[in-house]
Amino acid sequence: MTTQSEMTNYLQTFVEGMISSGVEQAVISPGSRSTPLALLLHRQEQIETFIEVDERSAAFFALGLSKASCKPVVLLCTSGTAAANYYPAICEANASHIPLIVLTTDRPHELRQVGAPQAMDQFHLFQHHVKEFIEMAIPEGTKMMLDYAYWQGMRAIDTACQTPKGPVHLNFPLREPLLPDLNRSLFAERTTEIFAGKKQLSEKQLIECVDAWQGKKGVLVVGGTHTPEEAAVFIELAERLSWPILSDPLANITSSSNDSPLIMRYADLFIQEVEMSQYPDVVVRFGMMPISKNTMFWLQSLNETTMVYFVDETGEWQDQLKQTQVAIQADEQTFAKEITERIIIRTSDSWCNQWIDWQETTEQQLTELSEMKTLNETTASILVHKKMAKKGQLFVSNSNAIRFLDRFSTPDNNQYQLFGNRGINGIDGIISTALGVCATNPERQNVLLIGDLAMYHDMNGLLLAKRYNLPLTIVLLNNNGGGIFSFLSQRHLEKDDFEPIFGTPIDLDFSLVAQLYDAEYVKAESLEQLELLLEATQKQPKFQLIEVIGDRQENVLLYEKVVDGLKEKLGKNK
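All values reported here derive from a predicted model rather than from experimental measurement.

*Asks:* An account of unusual backbone geometry is needed here, citing residue identities and associated values.
*Replies:* Residue Pro-164 follows Thr-163 across a cis peptide bond; omega there is 0 degrees. Structurally, the position occupied by Pro-164 is in the loop between helix 6 (143-161) and strand 6 (168-173). In this chain, Glu-176 is followed by Pro-177 through a cis amide linkage whose omega measures 5 degrees. Relative to the elements of secondary structure, Pro-177 occurs in the loop between strand 6 and helix 7 (203-213). Its identity is not glycine, yet His-97 carries a phi of approximately 60 degrees, on the positive side. Relative to the helices and strands, His-97 resides in the loop between helix 5 (87-96) and strand 4 (100-106). You will see that Trp-317, though not glycine, has its phi angle at about 60 degrees, which is positive. Here Trp-317 lies in the loop between strand 10 (307-311) and strand 11 (326-328).

*Asks:* So what about the environment of Tyr-148? Which residues, and what values?
*Replies:* Mapped onto the elements, Tyr-148 comes out in helix 6. Given a relative accessible area of 23%, Tyr-148 falls into the partly exposed group. Along the chain, Tyr-148 and Phe-14 lie 134 residues apart, while their C-alpha atoms are 8.3 Å from each other. Not counting residues up to four positions away in its chain, the partners in contact with Tyr-148 are Tyr-10, Glu-135, Met-136 and Ala-137.

*Asks:* Tell me what's going on with the pairing of strand 10, and back it up with residues and numbers.
*Replies:* Side-chain positions along a regular strand alternate between the two faces of the sheet. Across the 5 residues of strand 10, 4 count as buried, placing the element largely inside the fold. As for the winding sense of the linkage, the β-α-β connection from strand 9 (residues 282-286) through helix 10 (residues 293-301) to strand 10 is right-handed. Bridging between strand 10 and strand 11 involves 3 bridges; their strand directions are parallel. If you follow Val-311 over to strand 11, its bridge partner there is Ile-328.

The rules we used
Residues take numbers from 1 onward in each chain, read along the sequence in its written order. Where totals are concerned, whole chains, interfaces and linings use all residues; where local detail is concerned, this predicted model gives features only for residues with pLDDT of at least 70, and gives and counts side-chain atom pairs only at 80 or more. Neither water nor hydrogens contribute to the side-chain values; these are computed over all heavy atoms in the structure. Numbering goes from the N terminus for both helices and strands, where a helix is a DSSP run of H or I of at least four residues and a strand is a run of E of at least two. Three labels apply to residues, based on accessible area from a 1.4 Å probe with only protein chains included: buried if under 20% of the type maximum, exposed if over 50%, partly exposed otherwise in between. Residue contacts are counted whenever heavy atoms from the two residues lie within 4.5 Å of one another. Here the term right-handed applies to a crossover when the path leading from its first strand over the helix to its second strand runs clockwise, the strands being oriented away from the viewer. Strand pairing is assigned whenever DSSP identifies at least 2 bridges connecting the two strands.

Spelled out as structure tokens, the structure:
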């Protein structure tokens, strides 16, 4: 058997191991050292492949594919700095529990640390940002090594998909010649079944929780990313208990079709402004903290008489407030369903009614403001939310965009799915991730709500939309700079300090960006025009850029006006 045949059999057997564990998609960044794996993946009928020359964009695109499909996705690149460009997306995948399989190819051991070109230390390159690192053996054709390759491919996928999910890195040292034997059969015949279970509490532990919760004044707080189906489980639990539910936008509770009055859509606006006559006996948190700082401050203000339960299915102790008195390490969905089935006694209506009153007062306050009837970044974000189709996919960027949705999402019965990158909360890779989400379900309405700096950060990703005809509608909130800093303490700096360091105007003509990547471009001049454009995307998705010109100071003044009005109406300034 030739060296070429041995390498081909070894790498193909590894690919078959990945297929056996459920891999269906791969994103390839072309290069020389990765040639054999790239060709084997690209020719594999059981794997859909995407090609992206920019490794940073490729990694975020894979992240989006995995987010939307809820399945592991493979990333492949050549040796050298190519792999280093994967780093931001891998950090995000690790923090947000997305199963990526990162395959880096490398110089063989005899060419390392001797000055060979395109060689760098790739051993544990991603450090603790991956669940596991595997340095693969040099390809051999023996049965023992073929079994090893298959086993590693299968095990890597399974490891990435175990709770807590996350990225796994495999480094392949490969010797020349790098062209595989393309006459070999590429159909994966070998399969291995994997049966896995979920963490559950005992009946005794479940009854203890039920006894401590039912009939008590409580609040559910749901963080993290969830599907609409998972969101429905949390809402059902809240309704059974008769507790208000506070959530992160990515939990898909506020975007669900359920119009339950217990869903506190405006909690970020009112929770710090109300005079509470009753405080919770119990707070039950699921997953990470929601984005709302005001919700976090309110939780911090509770005294020790409030029992705090933290449902932590990852077992990673991600409780930044460190208030937990009872930690529950169990599958969130299974646990929520089991508790719901056992709840008999509802909490008195007087408890949830005060929350519902606060919610209704806030909604009334918003309808009274003239600013909510004209086009600005806030109203554009609300309109995007309102005009999402059932089963549509909305990707929302970090900084201001997701906060607009968190504060102002109206109770519309549209049931779309909201996505974002809230593991590390960066603004890099947003376009590429949104395109990965779009590529998973291109027949649906796909919208990206993004600011101008995040758009600039990832313009390379637009090539994916052009190459694969991905019908993403981009709603660009352009306030010519970093709008989030106008809400933070830095805004009190002198203009000469604030503008270059925090305002950071970029003065780009985004119509030319759209032209470069063959996207349709429209500048929205009114809410009515934006509404028509968004309604059209429900019927005919297409690759387009809709620009909304905003004003950083206007965003702040509107927010402050809302909060001042709530202070008067809800008690603190009475």
